[in-house]
Amino acid sequence: MAEPAPDPDLASAEAALRRGCAALDSGDVAAAQRWFERARRLSPSNTGVSILQAASLLEADPAKAIQLMRDCCRQQPHSVQARTMLIVCAGRLGEIALARDELAGFLSNHALPDDPSFRIMADAVVRRAGAAGWIALGSDGVCTIAATDAAGPVRLALDERPLRVGRKPRPGALMRHSLPQHWRRAHRLSAALGDAALLGSPIDVQAILRIEGFVAVSPDWGLEGWAWHPAAPDRAAELRLTVHDPATDATTEHALTADDDSLVLDQQPQGLRRRGFRVPPADLPAFAHIHVRGVDGRDLAGSPITIGRELRASRRAAARIAHVYSLRPGTRPAAGEDADSWRLLDATLLLPVARMKRPAPESPPRRAPLDIVIPVFRGAGDFAACLASLRGQVPRGGRIVVVDDGSEDPELCDAVDRAATSGAITLLRHAGNQGFPAAVRTGLRHAMAQAPRDVLLLNADTILPQDAIARLRRTAYAADDIGSVTPMTNDGTIVSYPAPDQPMAAPQGEALRVLDAAFAAANRHVTFDIPTAVGFCMLLRHDCLLEVGGFRDDVFAQGYGEENDWCLRAGHFGWRHVAAADVFVAHTGGTSFGVLKTHLIARNLTLLNRLHPGYDRLIAEFCARDPLERARHAVDLHRFQAGRLAQGSVLLITHDMGGGVARHVETRSAAIRAVGLRPILLRPGQNGACRISEPPDGHTVEFRLPDAFEDLVRALRRERPQHVELHHFIGYGLDIVTVADRLGVPYDIYVHDYATWCPRVTMLGDGDRYCGEPTELQTCIDCIGRNESRLQDPIGVAQLRQRSAGWIAAARQAIAPSRDAALRVARHFPGTAPRVLPWEADATVARRVPARVPPPLPGTRLRVVVPGAIGPDKGYAVLRACAADAQARDLPLEFIVAGFTMDDGPLLETGRVFVTGRFEEAEGASLVALQQADLGFLPSVWPETWCYALSLLWQAGLRVAAFDLGAQAERIRATGTGVVFPLGLPASRINDLLLAAASPSPAPSRQSVRSRTS
């Protein structure tokens, strides 16, 4: 059944963190570790929680503390606290080389923290590593140097140019040295003491200076944004505001500091110190070009900004706008018109979304030579992979034009220079970073400077499969009015596969070749009209470029949306934009902008809707229709069919709700595969769909039911199914057994619960109590009238039982995992004799369980562990009542839930329950074992058909208590590995029986006394 969702308000990481800190303050380290572990499970990305947990583990388990901090540093590479704790943990474990390397890496890219303990730690690492000393650089240009001895003079060099240092450091003291004024233009600072390099050298100067941030126009036409120093997170970012007023031709510059925590525009990520800033509209002209830059001289994301809050463009101006952005050399605004005014006009011009009819040409379009334009800024590895993928694809007369947009990445610059020197590319280089739209514009101007050329615009983080360019060019000239062509990809909004809202990792190597081949085979020569191209990879026809003009470089800042604007303008000239459904290009995505991508997209979507009223509606209508779904489905089906086995298959019909059903289906799939057949899962999807796939992670194909039912049957028939296994029918909304009838093969029914006769599935009636299985049909009908059906199907009780009886009668066999479940099925469907086939071999699983439960040590509590997801069916009410009774009577008894519950809060408040939080199935037994429990408890109040939680407790070596009900009781009795007691006992009696389950014989010696407090 479905797992109950945790309550984020009551079972919060913050509450667990407070409990952990309180336990740590009181000296109870073991309890603190438990609470910190819970907090981390509830909030795995919370750096602060992991740091506290690592601190509590320094003595007991430094290796685990190191792993926690490594994970933290991967998630938050700029977290000073996480990196410091990792270094401390490494030192505590004696891994001096790790501590040295982590300290060196931190100092190379971060300013010296304003924390004396960091310097003490750095000195200790340097001494233990036998290094000469360490160096750090602040964003003010001051070096801090610490030496273990004064064996030689300090030698500094900026970009290999030696600096003059007039004094020697004193051992054990900090030496400070100010760099010359030109230091901000440098890239590397090298430092040595005599002939020995200082730890932290070489320092990445630009990393120390870098400021990241975002700025946008506020609703009242002011400015607001955020900024921070990644290299010095605790320091407020200093900015420069440059405002040009075209009305007066005056430019002013102001200092600006991002120091307001209340103005952060997004939810603050863990470990970052993004502070906000605001410029009120009264401080800005009505019309202005604005730059917001950091002290490093770089524009923040979203800058530059054009504000024209009172400007109204006329329709007459709209007719002239194409000329302003024309690629034809020599084009200028009309006489007497200021260029900046035109830029302002363009930023506020309204061009409603429309596509004009294009007149038929007098002759077919003439093909032009091709320029492949690749703007680059960072990501040397991505660029190298992209360039390599173009090898052998560039058509005769084609050129690869790389536009270096002022990159300061030495590795990328070297790669670009080598490619240019070898003649592989034509290199165009901006003196400084101008943003992606400007880089594109530079490439387009170069392409159109002489004879107009087609342009394939590529992001540097794309990889093209072989023959992709030829297929894109073929599509571009398939019709007279095609202005642009976009391929399919793994991450490209409307052209994404497997779905527009489900981007996937970029396939590489053979995986890309195979996927592209599937697109080429499944969608040969298939195209779809799309509202706009997608800029990661788009082929622009020369005649369309000549008529429409280039990309705007003054509106969209660093990028996102500029290609949409171009496409919408092209629509006014009658040009179409199409997706080539037979080409797949891999796209890494987000290389240039990283975490700023979300902000830029939101900013530029607002601009697009302001520039082109109706844009949102256009995209929404396209996404609702999603014509590309047909192409995706064809590829899904092609990929699925590639796994076909000549021996045939077995179809497993199941639900999509996880739990024990999913676990057993996984086991059955492995068994089917072991005998040479192909397991195929049929599961319900959303909105009346169903999906077929090969477990565990095979290709999925979706079919819309009931319309595509015949397509589903045809697809399955090709797989030559030998038989069908019906594991569950919830979620389909139709008689799913008819699939087996249409396939003409036998089917088996597997009993996982009681949904075949009880719409409540687990036979829990009023008050979530076991109903006792009344014989009167009307009693069950009345129950469903009072209690919600869980079948997701409006079928009535009588109709359900009649349908199920027909299913069972026609089935080859019914299979139940326990004798108890088989008897219940036979009682409700007379004449049925289900075959009993246990899901697991109990004799093997229960072998490690001891013969008795050792009693708790004097003065401690009996620890009882309850595994899994505890909701009403699994006995949440019972557990809560038992915890309350243990608290009220001050019993030597406590409970640990190894998992989560429907509402952790009331349980935790009793002081007698601890809840670990969610866990992965593979770690279940180890998590239970870590709780050092004395006894397992299954408070489940329905007659389970198998109960994997019982197996989990046995794997942890625990005897188990459960109610005398269902498979759980049957299995405990058969193996003699626990106790069962009647269902319906009061909590006080249950607690007494749990305590009595501990053996009265002397307890075996224990190596350590455990903490018995929660």
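Presented here is a report on the structure given in the accompanying data block. (Residues numbered from 1 in each chain as written. Predicted model: local features only at pLDDT ≥ 70, side-chain atom pairs only at ≥ 80, totals over all residues. Heavy atoms only, no water.)

Another point: the overall build of the protein. Scanning the protein from N- to C-terminus turns up 33 helices and 38 strands. The principal-axis extent of the C-alpha atoms belonging to the protein is close to 95 × 85 × 55 Å. Within the protein, residue pairs in contact and separated by at least 24 positions form 70% of the contacts whose partners lie at least 6 positions apart. For the protein, the exposed area adds up to about 43000 Å²; of that, 52% sits on carbon and sulfur atoms. Charge-centre separation for the protein: the mean point of 114 positive side chains lies 3 Å from the mean point of 114 negative side chains. (Helix = DSSP H or I, 4+ residues; strand = E, 2+ residues; numbered from the N terminus. Contact = heavy atoms within 4.5 Å. Areas by Shrake-Rupley, 256 points an atom, 1.4 Å probe, with all protein chains shown as cover. Lys, Arg positive; Asp, Glu negative; His and termini not counted. Charge placed at Lys NZ, Arg CZ, Asp CG, Glu CD.)

Buried within helix α19 (residues 615-625) we find Y615, I619 and F622. Down the axis of α19, the sector holding all buried residues measures 65°, keeping them to one side. Exposed residues pointing more than 90 degrees away from the buried face of α19 are listed as R617, A624 and R625. The secondary structure elements touched by the buried residues of α19 are β22 (527-529), α17 (562-571) and α18 (597-611). Count one or two residues on from α19 and you reach D626, which has phi positive near 40°. (Buried < 20%, exposed > 50% of the residue type's maximum accessible area, 1.4 Å probe, protein only. Arc of directions from axis to C-beta.)

Let's shift gears to the sheet that holds strand β37 (residues 960-963). The sheet built from six strands is open, its strands ordered β35-β34-β33-β36-β37-β38 with parallel pairing. Only two strands of the sheet have a single neighbouring strand rather than two, namely β35 (913-915) and β38 (978-981). Mean inter-strand twist for the sheet, computed between neighbouring axes without regard to direction, equals 25°. Sheet topology note: the β37/β38 ladder contains four bridges and is parallel. Residue pairing in the sheet places F963 in a bridge with F981 of β38. (Pairing = 2+ DSSP bridges. Axes fitted to C-alpha atoms, helices over the stretch in contact; angles between N-to-C directions.)

A separate point is the pattern of salt bridges. Side chains that differ in sign of charge can pair as their charged atoms come close. Applying the stated criterion across every chain, the model contains 59 salt bridges. Two residues, E719 and R644, come together in a salt bridge whose shortest N-O distance is 3.2 Å. Highlighted residues: E719 in the loop between α22 (709-717) and β29 (721-726) and R644 in the loop between α20 (629-641) and β25 (649-653), separated in sequence by 75 residues. Assessed through its relative accessible area of 1%, E719 is described here as buried. E725 is the partner of R668 in a salt bridge, and the nearest nitrogen-oxygen pair spans 2.5 Å. (Salt bridge = Lys/Arg side-chain N within 4 Å of Asp/Glu carboxyl O.)

Take the pairing of strand β10 (residues 223-228) next. The buried fraction of β10 amounts to six of the six residues, a majority that puts the element mostly inside the structure. Burial of β10 is two-sided: the residues L223, G225 and A227 facing one way and the residues E224, W226 and W228 facing the other way are all buried. By the bridge criterion, six bridges tie strand β9 (residues 212-217) to β10 in an arrangement that is antiparallel. In the sheet register, G213 faces β10, and the bridge partner there is A227. In textbook terms, the turn of a hairpin is the stretch between consecutive antiparallel strands, and for β9 and β10 this stretch comprises five residues, one of which, W221, has a positive phi near 70°. As paired elements, β10 and strand β13 (residues 275-279) share five bridges and run antiparallel to each other. When the sheet's bridge partners are listed, W226 is paired in β13 with G276.

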